[in-house]
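What follows is the residue order along each chain.
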Amino acid sequence: VQLQASGGGLVQAGGSLRLSCAASGRTFSSYAMGWFRQAPGKEREFVAAISWSGGSTYYADSVKGRFTISRDNAKNTVYLQMNSLKPEDTAVYYCAADDNRPYGSSSEGEYDYWGQGTQVTVSS
């Protein structure tokens, strides 16, 4: 499985961005997907996850109500819609795939495949 994240950029606080993660290789619809982020000098942290069917979603408390994860299995793509962005959302965002559990996880150790990351910078 290969994952390609895109959609990052520079945005002002309060603005929005939509990240995309395109998957190739094995059947996309058979595994759960997650988004993680890593800010400079910090550990990588969980942002959101979605089950293989898209029927279940999970969010970190810090983004709940502002970010929305979704997927389009016909396009082999998972999205992260980010609204009301804050400077503390600045980080490199990574998508990841878990082909062992159908419902996703907040633990990065559960994921088997990772994308290359896309930079999100929120200015104040």
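Look up: the structure comes first, before these words.
Rules behind the numbers
- Residues numbered from 1 in each chain as written.
- Predicted model: local features only at pLDDT ≥ 70, side-chain atom pairs only at ≥ 80, totals over all residues.
- Heavy atoms only, no water.
- Helix = DSSP H or I, 4+ residues; strand = E, 2+ residues; numbered from the N terminus.
- Polar contact = N/O pair within 3.5 Å; in protein donor to acceptor, adjacent residues only side chain to side chain.
- Contact = heavy atoms within 4.5 Å.
- Buried < 20%, exposed > 50% of the residue type's maximum accessible area, 1.4 Å probe, protein only.
- Pairing = 2+ DSSP bridges.

(A) Seen up close, the side chain of Thr77. You can see Thr77 is positioned in strand β8 (residues 77-82). Within the structure, Thr77 has its side chain in polar contact with the backbone oxygen of Lys75 (distance 2.8 Å). What Thr77 contacts, discounting residues up to four positions off in sequence, is Ser20, Cys21, Ala22, Phe28, Arg71 and Asp72.

(B) Here's a closer look at the pairing of strand β11 (residues 118-123). Of the two faces of β11, only one is covered, namely that formed by Thr118, Val120 and Val122; the face formed by Gln119, Thr121 and Ser123 stays uncovered. Of the pairings in the sheet, the one linking strand β2 (residues 9-12) to β11 comprises 4 bridges and is parallel in character. Residue pairing across strands places Gly9 opposite Val120, the latter belonging to β11. Across 3 bridges, the pairing between strand β9 (residues 91-98) and β11 is antiparallel. From the neighbouring strand, Ala91 faces β11, where its bridge partner is Val120.

(C) How the structure looks around the side chain of Thr118. Its place among the elements puts Thr118 in strand β11. The class of Thr118 is buried, set by a relative accessible area of 10%. A distance of 3.1 Å separates the side chain of Thr118 from the backbone nitrogen of Gly8, its partner in a polar contact. Those residues in contact with Thr118, other than ones at most four positions away along the chain, are Ala5, Ser6, Gly7, Gly8, Leu19, Ala91, Val92 and Tyr93.

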